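Descriptive structure summary
Next come the chains, spelled out residue by residue.
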Amino acid sequence: MKQTTNTILMIRPVAFRMNEQTAVNNYYQKVMDGILPATVNAKAQSEFDNFVTMLKNVGVNVIVVEDTIEPNTPDSIFPNNWVSFHQTADVVLYPMFAENRRLERRDDILDLLEEKGFYIENVTDYTIAEEAGIYLEGTGSLVLDRENAKAYSALSPRAEEELMIEFCEDFEMNPVIFEAFQTVNGERKPIYHTNVMMCVAEQFAVICADCIDDKKERKMVIDCLKSDGKEIIYLTEEQLTHFAGNMLQVRGAEDKRYLVMSEAAHQSLNKGQINQIEKYCEILSANLDTIEACGGGSARCMLAEVFLPLASDME
């Protein structure tokens, strides 16, 4: 299995704003007082468009889908939480914590990918778990090491252990389960998504090990990464507030690798961390300030990787 892909699905927002339903446990969201919703959306669209252009300029195949005004989906810009696309020709649909985020799931997007020549054999749908109040928010909750068949997951209200294990059984991956925390008003609270505190690339992993308060769990996660030959790049909790953990390695033209992140994340890294990353790939960063502040998510959350095989290769 490949760890990186050249094809990315992105959803262009039409009514982006702070989602009050996700703010209850996403402590990265901020209220932008005194700014009209239309202004917030216009800024988010501008950041989105510049981000897409940057990716396309290095040869990433970006499939952009416009969001729709109805239903009201303020977080549609983060498609990686409701869907994932696999080399086995599987599509996975995930149960979402916020009710208004469940409306982001769109069958027409699967149709569009088929029109673009991708082959979908099977759709695995875990969304019935929502009825029991059980959630697993895609590659937000799951950081996948596809090459080594491992799925890393920090348990939270949006990442339920039994469903995570079921996913791993269905897709023949080994679960690496732990708890990760951040300090909010002096209290340690669960980090809402695994992908804000770690990223697994082909030859390295970026992680804030300090978030894993249990020393045994911390050692287990680090040992897991090292056993696969990954160089570990350690982040601080302060760097996470700038979305430094929310990164994704992608392939551009001529199979060149890039590590994609926001400008804020890039600027928070020190020289040593940048040198570690640049041993393996170039850094690509874009200004996502509005999206980060209102959405509480960053570059990686905006990128739904498409690993589906091409229909022409299946003939």
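In case you missed it, the structure is sitting above this.
Cut-offs applied
Residues numbered from 1 in each chain as written. Predicted model: local features only at pLDDT ≥ 70, side-chain atom pairs only at ≥ 80, totals over all residues. Heavy atoms only, no water. Helix = DSSP H or I, 4+ residues; strand = E, 2+ residues; numbered from the N terminus. Buried < 20%, exposed > 50% of the residue type's maximum accessible area, 1.4 Å probe, protein only. Areas by Shrake-Rupley, 256 points an atom, 1.4 Å probe, with all protein chains shown as cover. Salt bridge = Lys/Arg side-chain N within 4 Å of Asp/Glu carboxyl O. Pairing = 2+ DSSP bridges. Core = buried A, V, L, I, M, F, W, Y, C linked by side-chain atoms within 4.5 Å. Contact = heavy atoms within 4.5 Å. Right-handed = clockwise from strand over helix to strand, strands pointing away. Patch = residues over 30% accessible without salt bridge, like charges linked within 9 Å, V, L, I, M, F, W, Y side chains within 5 Å. Lys, Arg positive; Asp, Glu negative; His and termini not counted. Charge placed at Lys NZ, Arg CZ, Asp CG, Glu CD. Axes fitted to C-alpha atoms, helices over the stretch in contact; angles between N-to-C directions.

In this section: the overall build of the protein. A tally of helices and strands in the protein yields 11 helices and 17 strands. By its C-alpha atoms, the protein is 55 × 45 × 45 Å across when sized along the principal axes. Put simply, the protein has 315 residues, and 58% of those count as buried. Of the roughly 12,800 Å² of accessible surface on the protein, a fraction of 48% belongs to carbon and sulfur atoms.

Let's shift gears to the pattern of salt bridges. By the definition in use, this model includes 21 salt bridges. With its nearest N and O atoms 3.6 Å apart, the salt bridge here joins R12 to E66. Linking R12 in strand β1 (residues 7-12) with E66 in strand β2 (residues 61-66), this pair joins segments that are 54 residues apart in sequence. Overall, R12 belongs to the buried group, its relative accessible area being 17%. By relative accessible area, E66 is classed as partly exposed at 41%. E137 serves as the salt-bridge partner of R158, at 3.2 Å between the closest nitrogen and oxygen.

Another aspect to go through is the pairing of strand β13 (residues 231-234). Where strand β12 (residues 204-207) meets β13, 4 bridges bridge the pair, whose relative direction is parallel. Note that in β13 the partner of A205 across the bridge is I232.

Next up on the list: the nonpolar core. General note: in soluble globular proteins, nonpolar side chains tend to be found buried as a group. Ranked by size, the top nonpolar core spans 40 residues in total, and within it Y152, F178, M197, M198, I207, L225 and I277 carry the most contacts. Contributions of two or more residues to this core are made by β7 (150-154), β8 (174-178), β11 (198-200), β12, α6 (215-227), β13, β15 (257-262) and α9 (271-278). With residues near it in sequence (within four places) discarded, F178 still touches Y152, S153, A154, L155, T194, M197, M198, I212, E217 and V221. Grouped together as the second largest cluster of nonpolar side chains are 28 residues, I8, F48, V250 and I291 included.

Glancing now at the pairing of β8. The pairing of β7 with β8 spans 5 bridges and is classified as parallel. Directly across from A151, in β8, lies its bridge partner P175. Once the chain exits β7 it traverses helix α5 (residues 161-170) before rejoining the sheet at β8, and the crossover so formed is right-handed.

Attention now moves to unusual backbone geometry. In the segment running from E70 into P71, the intervening peptide bond is cis, with an omega of -5°. Along the chain, P71 falls in the loop between β2 and β3 (83-85). We note that D255 has phi near 65°; this positive angle belongs to a residue other than glycine. Turning to its location among the elements, D255 is positioned in the loop between β14 (248-251) and β15. By relative accessible area, D255 is classed as partly exposed at 43%.

Take a negative patch on the surface next. Side chains of D107, D111, E114 and E115 sit close together on the surface and give a patch of like negative charge. Along the chain, the position of D107 falls in helix α3 (residues 107-115).

Here K116 is to be found in the loop between α3 and β5 (122-125). K116 sits in the partly exposed class, given a relative accessible area of 47%.

Taken together, the 3 strands give an open sheet; going across it, the order is β6-β7-β8, and neighbouring strands pair in mixed fashion. Only two strands of the sheet have a single partner each, and these edge strands are β6 (143-145) and β8. Each strand of the sheet is rotated relative to its neighbour by a mean of 20°, with strand direction disregarded. Both β6 and β7 contribute to a ladder of 3 bridges, which runs antiparallel. Among the inter-strand pairings, L144 is bridged to a residue of β7, identified as A151. Across the sheet, α5 touches β6, β7 and β8, and the angle it forms with β8 is around 160°. Packing against the sheet, α6 makes contact with β7 and β8, and its axis sits at approximately 145° to β8.

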